[in-house]
Amino acid sequence: MASSGQPRIQWLGRWGFVLAATGSAVGLGNIWKFPYITGEYGGGAFVLVYLACILAVGVPVMMTEIAFGRRGRGSPIDAIRRVVSESGRSSGWSLIGWMAMLCGFMVLSFYVVVAGWSFSYLWKMLSGGLAGSSVDDMAAIFAANNANPWVLGGWSTLVTLLTMLIVGKGVQEGIEKSVSWMMPGLVLMLVLLIVFGVFSGGFGDAVRFLFSFNAGSLSSAGMLAALGHAFFTLSLASGAILTYGSYLPKGASIGRTTVSVALADTVVALMAGLAIFPVIFANGMNPGEGPGLIFMSLPLAFQAMPLGTLFGILFFLMLSMAALTSSISMVEATVSWLCDNKGITRPVAAWSTGIVLWLVSTLAMLSFNLGADWTLAGRHFFE
Ligand code: PFF
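Right, let's walk through the structure included here. Source: prediction; values computed, not measured.

**Here we look at the overall build of the chain**
- When helices and strands are tallied, the chain shows 15 helices and two strands.
- Taking 383 residues into account, the globule formula puts the C-alpha radius of gyration at 21 Å, and the chain, at 21 Å, falls close to it.
- The principal-axis extents of the C-alpha atoms in the chain amount to approximately 60 × 45 × 45 Å.
- With 383 residues in all, the chain has 56% of them scored as buried.
- Of the contacts made within the chain by residues no fewer than 6 positions apart, 81% connect residues no fewer than 24 positions apart.
- For the chain, the accessible area works out to roughly 15,600 Å², and carbon and sulfur atoms hold 70% of it.
- When the 18 basic and 15 acidic side-chain charges of the chain are each reduced to a single mean position, those positions are 15 Å apart.

**A word on the packing of aromatic side chains**
- Considering all chains together, one arrives at 28 aromatic pairs under this definition.
- With 5.6 Å between their ring centres and 80° between their planes, Phe 110 and Phe 382 make a pair best called edge-to-face. Linking Phe 110 in helix 5 (residues 95–127) with Phe 382 in the segment after strand 2 (379–380), this pair joins segments that are 272 residues apart in sequence.
- The buried category is assigned to Phe 382, whose relative accessible area is 16%.
- Lying across the ring of Phe 232, Lys 33 places its NZ or CZ 4.9 Å from the centre.
- When the ring centre of Tyr 121 is taken as reference, the NZ or CZ atom of Lys 124 above it lies at 5.6 Å.

**Here's the deal with the packing of helix 8 (residues 171–198) against helix 14 (residues 308–342)**
- Running from N to C, helix 8 and helix 14 cross one another at 150°; their axes reach a closest spacing of 9 Å. With respect to their mutual orientation, helix 8 and helix 14 come out roughly antiparallel. Note on packing geometry: the crossing formed by helix 8 with helix 14 is left-handed.
- Here the contact of helix 8 with helix 14 is built from residues that sort into 21 nonpolar, four polar and one charged.

**Considering helix 4 (residues 76–86)**
- Burial runs high along helix 4: eight of the 11 residues are buried.
- Taken as a whole, helix 4 has its buried residues at Pro 76, Ile 77, Asp 78, Ala 79, Ile 80, Arg 82, Val 83 and Val 84.
- Residues of helix 4 that are buried sit in contact with helix 3 (44–72), helix 5, helix 11 (240–245) and helix 14.
- Taken from the residues just after helix 4, Gly 88 is the one with a positive phi, measuring 70°.

Definitions and cut-offs
- Counting restarts for each chain: residues are numbered from 1 in the order of the written sequence.
- Whole-chain, interface and lining totals are the exception, using all residues; otherwise, since this is a predicted model, local features are given only for residues with pLDDT of at least 70 and side-chain atom pairs are given and counted only at 80 or more.
- Excluded from the side-chain calculation are hydrogens and water; included are all heavy atoms of the structure.
- Comment: elements are numbered from the N terminus, with helices defined as DSSP H or I runs of at least four residues and strands as E runs of at least two.
- The globule rule used here is 2.2 Å times the number of residues to the 0.38 power, and the radius of gyration it is set against is calculated over C-alpha atoms.
- Here the term buried applies to any residue with accessible area under 20% of the maximum for its type, exposed to any over 50%, and partly exposed to those in between, with areas from a 1.4 Å probe on protein chains only.
- Note on definitions: a residue-residue contact is assigned when non-hydrogen atoms from the two residues lie within 4.5 Å.
- A 1.4 Å probe and the Shrake-Rupley method give the accessible areas. Residues count as covered only by the protein chains that appear here.
- Neither His nor the chain termini are counted; the positive set is Lys and Arg, and the negative set is Asp and Glu.
- Throughout, a charge is located at the NZ atom of Lys, the CZ atom of Arg, the CG atom of Asp or the CD atom of Glu.
- To pair, rings of Phe, Tyr and Trp, with the six-membered ring standing in for Trp, must have centres within 6.5 Å; the planes then decide the type, stacked if under 30 degrees apart, edge-to-face if over 60, and tilted in the middle.
- Any Lys NZ or Arg CZ found within 6 Å of a ring centre and within 35 degrees of that ring's normal is scored as a charge over the ring.
- All axes here are fitted lines through C-alpha atoms, helices being fitted over the stretch that makes contact, and every angle between N-to-C directions spans 0 to 180 degrees.
- Throughout this description, any angle smaller than 35 degrees is read as roughly parallel, any larger than 145 degrees as roughly antiparallel, any in the 65 to 115 degree range as roughly perpendicular, and the remainder as oblique.
- Put simply, a crossing is left-handed when the front helix is turned counterclockwise from the back one by less than a right angle, and right-handed when it is turned clockwise.
- All amino acids are sorted into three groups, where Ala, Val, Leu, Ile, Met, Phe, Trp, Tyr, Cys and Pro are nonpolar, Asp, Glu, Lys and Arg are charged, and the leftover types, Gly among them, are polar.

Written as C-alpha coordinates, this is what we have:
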(Lines give C-alpha, C1' and ligand atoms only; values in the text may rest on other atoms or scores of the structure.)
Protein backbone atom coordinates (compact mmCIF):
# COMPACT_ATOMS: atom_id res chain seq x y z
CA MET A 1 0.00 0.00 0.00
CA ALA A 2 1.08 3.56 -0.49
CA SER A 3 2.80 4.26 2.76
CA SER A 4 2.65 7.99 2.98
CA GLY A 5 -1.09 8.61 2.90
CA GLN A 6 -0.34 11.73 0.83
CA PRO A 7 -2.70 12.50 -2.03
CA ARG A 8 -1.49 10.82 -5.20
CA ILE A 9 0.11 12.97 -7.83
CA GLN A 10 -2.13 13.72 -10.83
CA TRP A 11 -1.65 14.57 -14.48
CA LEU A 12 -1.13 18.29 -14.75
CA GLY A 13 -2.84 19.08 -18.03
CA ARG A 14 -6.30 18.25 -19.29
CA TRP A 15 -4.76 16.03 -21.95
CA GLY A 16 -2.07 14.56 -19.71
CA PHE A 17 -3.62 11.14 -19.37
CA VAL A 18 -4.83 10.86 -22.96
CA LEU A 19 -1.41 11.84 -24.32
CA ALA A 20 0.51 9.56 -21.98
CA ALA A 21 -1.82 6.58 -22.49
CA THR A 22 -1.82 7.13 -26.25
CA GLY A 23 1.97 7.35 -26.06
CA SER A 24 1.96 4.01 -24.26
CA ALA A 25 -0.43 2.43 -26.75
CA VAL A 26 1.23 3.79 -29.88
CA GLY A 27 4.57 2.07 -30.22
CA LEU A 28 6.47 -0.66 -32.00
CA GLY A 29 3.19 -2.59 -31.98
CA ASN A 30 1.60 -0.08 -34.35
CA ILE A 31 4.51 0.72 -36.60
CA TRP A 32 6.65 -2.43 -36.58
CA LYS A 33 4.33 -5.28 -35.70
CA PHE A 34 0.92 -4.31 -37.11
CA PRO A 35 2.16 -3.86 -40.70
CA TYR A 36 4.13 -7.10 -40.73
CA ILE A 37 1.45 -9.28 -39.15
CA THR A 38 -1.12 -7.73 -41.49
CA GLY A 39 1.22 -8.73 -44.31
CA GLU A 40 1.62 -12.24 -42.91
CA TYR A 41 -2.06 -12.88 -42.27
CA GLY A 42 -3.35 -11.62 -45.57
CA GLY A 43 -4.41 -7.97 -45.27
CA GLY A 44 -7.98 -6.63 -45.04
CA ALA A 45 -9.72 -9.59 -43.39
CA PHE A 46 -7.13 -9.61 -40.63
CA VAL A 47 -7.55 -5.86 -40.17
CA LEU A 48 -11.30 -6.28 -39.77
CA VAL A 49 -10.95 -8.96 -37.07
CA TYR A 50 -8.34 -6.82 -35.32
CA LEU A 51 -10.73 -3.84 -35.29
CA ALA A 52 -13.50 -6.04 -33.90
CA CYS A 53 -11.16 -7.26 -31.12
CA ILE A 54 -10.23 -3.69 -30.20
CA LEU A 55 -13.89 -2.75 -29.93
CA ALA A 56 -15.26 -5.88 -28.26
CA VAL A 57 -12.38 -6.79 -25.94
CA GLY A 58 -9.78 -4.03 -25.87
CA VAL A 59 -12.04 -1.12 -25.01
CA PRO A 60 -13.87 -2.84 -22.11
CA VAL A 61 -10.61 -4.19 -20.65
CA MET A 62 -9.00 -0.76 -20.90
CA MET A 63 -11.97 0.85 -19.15
CA THR A 64 -11.69 -1.70 -16.35
CA GLU A 65 -7.97 -1.05 -15.92
CA ILE A 66 -8.42 2.71 -15.81
CA ALA A 67 -11.30 2.32 -13.36
CA PHE A 68 -9.17 0.15 -11.05
CA GLY A 69 -6.33 2.65 -11.22
CA ARG A 70 -8.46 5.74 -10.65
CA ARG A 71 -10.28 4.13 -7.76
CA GLY A 72 -7.33 2.31 -6.15
CA ARG A 73 -4.81 5.15 -6.68
CA GLY A 74 -1.71 3.01 -6.79
CA SER A 75 0.42 0.57 -8.76
CA PRO A 76 -1.50 -2.49 -10.03
CA ILE A 77 -0.73 -4.46 -6.85
CA ASP A 78 -1.76 -1.72 -4.44
CA ALA A 79 -4.73 -0.49 -6.46
CA ILE A 80 -6.27 -3.94 -6.83
CA ARG A 81 -5.66 -4.76 -3.18
CA ARG A 82 -7.32 -1.53 -2.11
CA VAL A 83 -10.34 -1.92 -4.36
CA VAL A 84 -10.98 -5.54 -3.38
CA SER A 85 -10.56 -4.81 0.30
CA GLU A 86 -13.11 -1.98 0.04
CA SER A 87 -15.57 -4.47 -1.34
CA GLY A 88 -14.71 -7.10 1.28
CA ARG A 89 -12.98 -9.55 -1.10
CA SER A 90 -9.81 -11.53 -0.63
CA SER A 91 -6.55 -9.63 -0.95
CA GLY A 92 -5.35 -12.64 -2.99
CA TRP A 93 -6.76 -10.82 -6.03
CA SER A 94 -3.73 -8.55 -5.90
CA LEU A 95 -1.84 -11.49 -7.41
CA ILE A 96 -3.25 -10.22 -10.69
CA GLY A 97 -1.34 -7.00 -10.08
CA TRP A 98 1.89 -8.93 -9.56
CA MET A 99 1.29 -10.85 -12.77
CA ALA A 100 0.61 -7.65 -14.69
CA MET A 101 3.82 -6.07 -13.43
CA LEU A 102 5.82 -9.15 -14.30
CA CYS A 103 4.21 -9.20 -17.73
CA GLY A 104 5.10 -5.55 -18.34
CA PHE A 105 8.66 -6.29 -17.38
CA MET A 106 8.94 -9.32 -19.64
CA VAL A 107 7.47 -7.41 -22.58
CA LEU A 108 9.90 -4.59 -21.95
CA SER A 109 12.91 -6.89 -21.90
CA PHE A 110 12.42 -7.71 -25.59
CA TYR A 111 10.91 -4.33 -26.40
CA VAL A 112 14.12 -2.45 -25.65
CA VAL A 113 15.97 -4.75 -28.04
CA VAL A 114 13.60 -3.95 -30.92
CA ALA A 115 13.64 -0.27 -29.93
CA GLY A 116 17.44 -0.58 -30.09
CA TRP A 117 17.11 -1.78 -33.71
CA SER A 118 15.13 1.35 -34.42
CA PHE A 119 17.73 3.68 -32.90
CA SER A 120 20.51 1.86 -34.73
CA TYR A 121 18.69 2.21 -38.08
CA LEU A 122 18.10 5.88 -37.34
CA TRP A 123 21.85 6.20 -36.92
CA LYS A 124 22.55 4.18 -40.09
CA MET A 125 20.19 6.43 -42.05
CA LEU A 126 21.74 9.59 -40.63
CA SER A 127 25.30 8.47 -41.22
CA GLY A 128 24.64 7.09 -44.71
CA GLY A 129 25.56 3.58 -43.54
CA LEU A 130 22.97 1.94 -45.79
CA ALA A 131 23.75 3.86 -48.97
CA GLY A 132 24.11 1.72 -52.06
CA SER A 133 23.11 -1.52 -50.33
CA SER A 134 21.45 -4.32 -52.28
CA VAL A 135 18.75 -6.72 -51.00
CA ASP A 136 21.44 -9.16 -49.90
CA ASP A 137 23.45 -6.40 -48.24
CA MET A 138 20.39 -5.35 -46.24
CA ALA A 139 19.89 -8.85 -44.89
CA ALA A 140 23.61 -9.05 -44.08
CA ILE A 141 23.54 -5.66 -42.31
CA PHE A 142 20.57 -6.71 -40.19
CA ALA A 143 22.27 -10.01 -39.33
CA ALA A 144 25.59 -8.31 -38.52
CA ASN A 145 23.82 -5.81 -36.26
CA ASN A 146 22.35 -8.69 -34.29
CA ALA A 147 25.42 -10.89 -34.30
CA ASN A 148 27.55 -8.40 -32.37
CA PRO A 149 26.46 -8.32 -28.71
CA TRP A 150 28.36 -5.07 -28.11
CA VAL A 151 26.55 -3.25 -30.89
CA LEU A 152 23.11 -4.69 -30.17
CA GLY A 153 23.61 -4.40 -26.42
CA GLY A 154 24.86 -0.84 -26.80
CA TRP A 155 21.68 0.25 -28.55
CA SER A 156 19.34 -1.51 -26.12
CA THR A 157 21.32 -0.04 -23.22
CA LEU A 158 20.77 3.42 -24.72
CA VAL A 159 17.00 2.76 -24.81
CA THR A 160 17.07 1.59 -21.19
CA LEU A 161 19.00 4.70 -20.13
CA LEU A 162 16.65 7.10 -21.92
CA THR A 163 13.61 5.31 -20.47
CA MET A 164 14.91 5.55 -16.93
CA LEU A 165 15.99 9.15 -17.39
CA ILE A 166 12.44 10.15 -18.29
CA VAL A 167 10.71 8.01 -15.65
CA GLY A 168 13.18 9.11 -12.97
CA LYS A 169 12.10 12.71 -13.50
CA GLY A 170 8.58 11.92 -12.40
CA VAL A 171 5.03 11.70 -13.67
CA GLN A 172 4.57 15.36 -14.55
CA GLU A 173 8.13 16.51 -15.23
CA GLY A 174 9.30 13.33 -16.96
CA ILE A 175 6.44 11.37 -18.51
CA GLU A 176 3.88 14.09 -19.14
CA LYS A 177 6.38 16.63 -20.43
CA SER A 178 8.08 14.21 -22.81
CA VAL A 179 4.86 12.85 -24.31
CA SER A 180 3.49 16.37 -24.75
CA TRP A 181 6.04 17.05 -27.49
CA MET A 182 6.85 13.54 -28.70
CA MET A 183 3.24 12.59 -29.53
CA PRO A 184 2.41 15.63 -31.70
CA GLY A 185 5.85 15.24 -33.34
CA LEU A 186 5.12 11.62 -34.08
CA VAL A 187 1.76 12.38 -35.69
CA LEU A 188 3.29 15.14 -37.81
CA MET A 189 6.01 12.80 -39.07
CA LEU A 190 3.45 10.11 -39.83
CA VAL A 191 1.37 12.55 -41.89
CA LEU A 192 4.46 13.60 -43.86
CA LEU A 193 5.30 9.94 -44.49
CA ILE A 194 1.78 9.27 -45.79
CA VAL A 195 2.07 12.23 -48.16
CA PHE A 196 5.34 10.69 -49.36
CA GLY A 197 3.48 7.37 -49.76
CA VAL A 198 0.76 9.03 -51.84
CA PHE A 199 3.38 10.21 -54.33
CA SER A 200 5.29 6.92 -54.33
CA GLY A 201 3.02 5.21 -56.82
CA GLY A 202 1.99 2.34 -54.55
CA PHE A 203 -0.73 4.07 -52.56
CA GLY A 204 -3.68 2.45 -54.36
CA ASP A 205 -2.21 -1.01 -53.83
CA ALA A 206 -1.67 -0.26 -50.15
CA VAL A 207 -5.28 0.87 -49.68
CA ARG A 208 -6.53 -2.24 -51.46
CA PHE A 209 -4.25 -4.44 -49.38
CA LEU A 210 -5.32 -2.94 -46.06
CA PHE A 211 -9.02 -2.48 -46.68
CA SER A 212 -10.24 -5.10 -49.15
CA PHE A 213 -11.92 -7.95 -47.36
CA ASN A 214 -11.08 -11.44 -48.53
CA ALA A 215 -12.54 -13.93 -46.06
CA GLY A 216 -10.53 -16.74 -47.65
CA SER A 217 -7.28 -15.24 -46.40
CA LEU A 218 -8.36 -15.46 -42.76
CA SER A 219 -7.00 -18.34 -40.68
CA SER A 220 -7.65 -19.27 -37.07
CA ALA A 221 -4.01 -18.40 -36.33
CA GLY A 222 -4.69 -14.98 -37.85
CA MET A 223 -7.72 -14.48 -35.60
CA LEU A 224 -5.72 -15.39 -32.52
CA ALA A 225 -2.93 -13.06 -33.59
CA ALA A 226 -5.50 -10.26 -34.03
CA LEU A 227 -6.79 -10.78 -30.48
CA GLY A 228 -3.30 -10.93 -29.01
CA HIS A 229 -2.31 -7.85 -30.90
CA ALA A 230 -5.36 -5.95 -29.63
CA PHE A 231 -4.06 -6.50 -26.08
CA PHE A 232 -0.48 -5.64 -26.97
CA THR A 233 -1.26 -2.52 -28.93
CA LEU A 234 -3.51 -1.07 -26.23
CA SER A 235 -0.87 -1.84 -23.58
CA LEU A 236 -3.33 -3.99 -21.66
CA ALA A 237 -2.69 -6.49 -18.87
CA SER A 238 0.80 -5.11 -18.26
CA GLY A 239 0.07 -2.60 -15.52
CA ALA A 240 0.84 0.42 -17.71
CA ILE A 241 -2.67 1.72 -18.30
CA LEU A 242 -3.80 0.88 -14.77
CA THR A 243 -0.90 2.86 -13.29
CA TYR A 244 -1.46 5.81 -15.62
CA GLY A 245 -5.14 5.63 -14.61
CA SER A 246 -4.10 6.03 -10.98
CA TYR A 247 -2.91 9.57 -11.79
CA LEU A 248 -6.27 10.48 -13.32
CA PRO A 249 -8.31 13.10 -11.45
CA LYS A 250 -11.36 11.62 -9.73
CA GLY A 251 -13.89 13.34 -11.95
CA ALA A 252 -12.36 12.43 -15.33
CA SER A 253 -14.58 10.40 -17.65
CA ILE A 254 -13.28 6.86 -18.08
CA GLY A 255 -15.45 6.12 -21.11
CA ARG A 256 -14.42 9.20 -23.03
CA THR A 257 -10.71 8.86 -22.27
CA THR A 258 -10.73 5.16 -23.21
CA VAL A 259 -12.43 5.81 -26.53
CA SER A 260 -9.98 8.64 -27.31
CA VAL A 261 -6.95 6.44 -26.59
CA ALA A 262 -8.27 3.37 -28.45
CA LEU A 263 -9.29 5.48 -31.42
CA ALA A 264 -5.96 7.30 -31.58
CA ASP A 265 -4.08 4.01 -31.35
CA THR A 266 -6.13 2.43 -34.12
CA VAL A 267 -5.87 5.45 -36.39
CA VAL A 268 -2.08 5.51 -35.95
CA ALA A 269 -1.80 1.78 -36.76
CA LEU A 270 -3.79 2.27 -39.97
CA MET A 271 -1.81 5.40 -40.80
CA ALA A 272 1.42 3.46 -40.29
CA GLY A 273 0.11 0.88 -42.77
CA LEU A 274 -0.68 3.69 -45.21
CA ALA A 275 2.84 5.07 -44.79
CA ILE A 276 4.69 1.77 -45.12
CA PHE A 277 2.84 -0.36 -47.70
CA PRO A 278 2.85 2.20 -50.55
CA VAL A 279 6.64 2.27 -50.36
CA ILE A 280 6.79 -1.54 -50.22
CA PHE A 281 4.39 -2.00 -53.17
CA ALA A 282 5.93 0.80 -55.26
CA ASN A 283 9.20 -1.12 -55.13
CA GLY A 284 7.66 -4.51 -55.85
CA MET A 285 8.49 -5.94 -52.43
CA ASN A 286 6.76 -8.63 -50.43
CA PRO A 287 4.40 -7.33 -47.69
CA GLY A 288 4.65 -10.68 -45.88
CA GLU A 289 8.36 -10.28 -45.17
CA GLY A 290 7.95 -10.75 -41.40
CA PRO A 291 9.70 -8.93 -38.53
CA GLY A 292 12.40 -7.62 -40.84
CA LEU A 293 9.85 -5.77 -43.02
CA ILE A 294 10.60 -2.28 -41.78
CA PHE A 295 14.28 -2.91 -41.08
CA MET A 296 15.26 -4.56 -44.34
CA SER A 297 12.65 -3.90 -47.02
CA LEU A 298 11.72 -0.37 -46.07
CA PRO A 299 15.23 1.19 -45.97
CA LEU A 300 15.94 -0.46 -49.31
CA ALA A 301 12.77 0.99 -50.77
CA PHE A 302 13.48 4.45 -49.35
CA GLN A 303 16.90 4.40 -50.96
CA ALA A 304 15.45 3.84 -54.38
CA MET A 305 13.26 6.95 -54.14
CA PRO A 306 13.89 10.68 -54.50
CA LEU A 307 14.12 12.26 -51.01
CA GLY A 308 14.00 8.70 -49.67
CA THR A 309 16.87 9.14 -47.22
CA LEU A 310 15.21 12.16 -45.64
CA PHE A 311 11.96 10.26 -45.21
CA GLY A 312 13.85 7.22 -43.98
CA ILE A 313 15.39 9.34 -41.24
CA LEU A 314 11.95 10.71 -40.39
CA PHE A 315 10.55 7.18 -40.25
CA PHE A 316 13.14 5.80 -37.83
CA LEU A 317 13.01 8.93 -35.69
CA MET A 318 9.27 8.48 -35.42
CA LEU A 319 9.63 4.78 -34.59
CA SER A 320 12.25 5.47 -31.91
CA MET A 321 10.08 8.10 -30.25
CA ALA A 322 7.03 5.85 -30.37
CA ALA A 323 9.06 3.09 -28.72
CA LEU A 324 10.24 5.41 -25.93
CA THR A 325 6.77 6.72 -25.05
CA SER A 326 5.75 3.05 -24.68
CA SER A 327 8.77 1.80 -22.77
CA ILE A 328 8.38 4.50 -20.12
CA SER A 329 4.83 3.30 -19.47
CA MET A 330 5.98 -0.28 -19.00
CA VAL A 331 8.31 0.53 -16.12
CA GLU A 332 6.03 3.05 -14.45
CA ALA A 333 4.04 0.33 -12.63
CA THR A 334 7.18 -1.06 -11.00
CA VAL A 335 8.67 2.36 -10.23
CA SER A 336 5.41 3.57 -8.70
CA TRP A 337 5.16 0.41 -6.58
CA LEU A 338 8.74 0.84 -5.33
CA CYS A 339 8.18 4.51 -4.44
CA ASP A 340 4.95 3.77 -2.59
CA ASN A 341 6.13 0.72 -0.69
CA LYS A 342 9.87 0.89 -0.20
CA GLY A 343 10.24 4.47 0.94
CA ILE A 344 12.76 5.30 -1.80
CA THR A 345 12.85 8.33 -4.04
CA ARG A 346 11.71 8.15 -7.64
CA PRO A 347 15.17 8.46 -9.19
CA VAL A 348 16.48 5.63 -7.00
CA ALA A 349 13.42 3.52 -7.86
CA ALA A 350 13.87 4.25 -11.57
CA TRP A 351 17.58 3.46 -11.70
CA SER A 352 17.27 0.27 -9.66
CA THR A 353 14.45 -0.89 -11.92
CA GLY A 354 16.70 0.04 -14.83
CA ILE A 355 19.50 -2.21 -13.61
CA VAL A 356 17.18 -5.22 -13.33
CA LEU A 357 15.67 -4.41 -16.71
CA TRP A 358 19.10 -4.13 -18.23
CA LEU A 359 20.02 -7.60 -16.95
CA VAL A 360 16.83 -9.21 -18.25
CA SER A 361 16.98 -7.42 -21.59
CA THR A 362 20.60 -8.49 -21.97
CA LEU A 363 19.34 -12.08 -21.89
CA ALA A 364 16.89 -11.21 -24.67
CA MET A 365 19.60 -9.42 -26.61
CA LEU A 366 21.99 -12.39 -26.31
CA SER A 367 19.38 -14.59 -28.02
CA PHE A 368 20.64 -13.12 -31.29
CA ASN A 369 24.28 -13.92 -30.77
CA LEU A 370 26.13 -15.60 -27.88
CA GLY A 371 22.98 -17.21 -26.47
CA ALA A 372 21.43 -18.33 -29.76
CA ASP A 373 21.54 -21.92 -28.51
CA TRP A 374 20.00 -21.26 -25.10
CA THR A 375 16.48 -22.44 -25.77
CA LEU A 376 13.50 -23.63 -23.76
CA ALA A 377 10.89 -25.70 -25.59
CA GLY A 378 12.60 -24.74 -28.82
CA ARG A 379 12.38 -21.01 -28.25
CA HIS A 380 15.10 -18.66 -27.14
CA PHE A 381 14.66 -15.99 -24.49
CA PHE A 382 13.73 -13.20 -26.90
CA GLU A 383 10.85 -15.24 -28.30
N1 PFF B 1 1.31 -0.74 -26.82
C2 PFF B 1 2.70 -0.86 -27.10
C3 PFF B 1 2.90 -1.00 -28.59
O4 PFF B 1 1.94 -1.15 -29.33
O5 PFF B 1 4.03 -0.96 -29.02
C6 PFF B 1 3.33 -2.01 -26.37
C7 PFF B 1 3.10 -2.03 -24.89
C8 PFF B 1 3.29 -0.88 -24.12
C9 PFF B 1 2.70 -3.21 -24.30
C10 PFF B 1 3.07 -0.91 -22.75
C11 PFF B 1 2.48 -3.25 -22.95
C12 PFF B 1 2.66 -2.10 -22.18
F13 PFF B 1 2.45 -2.15 -20.90
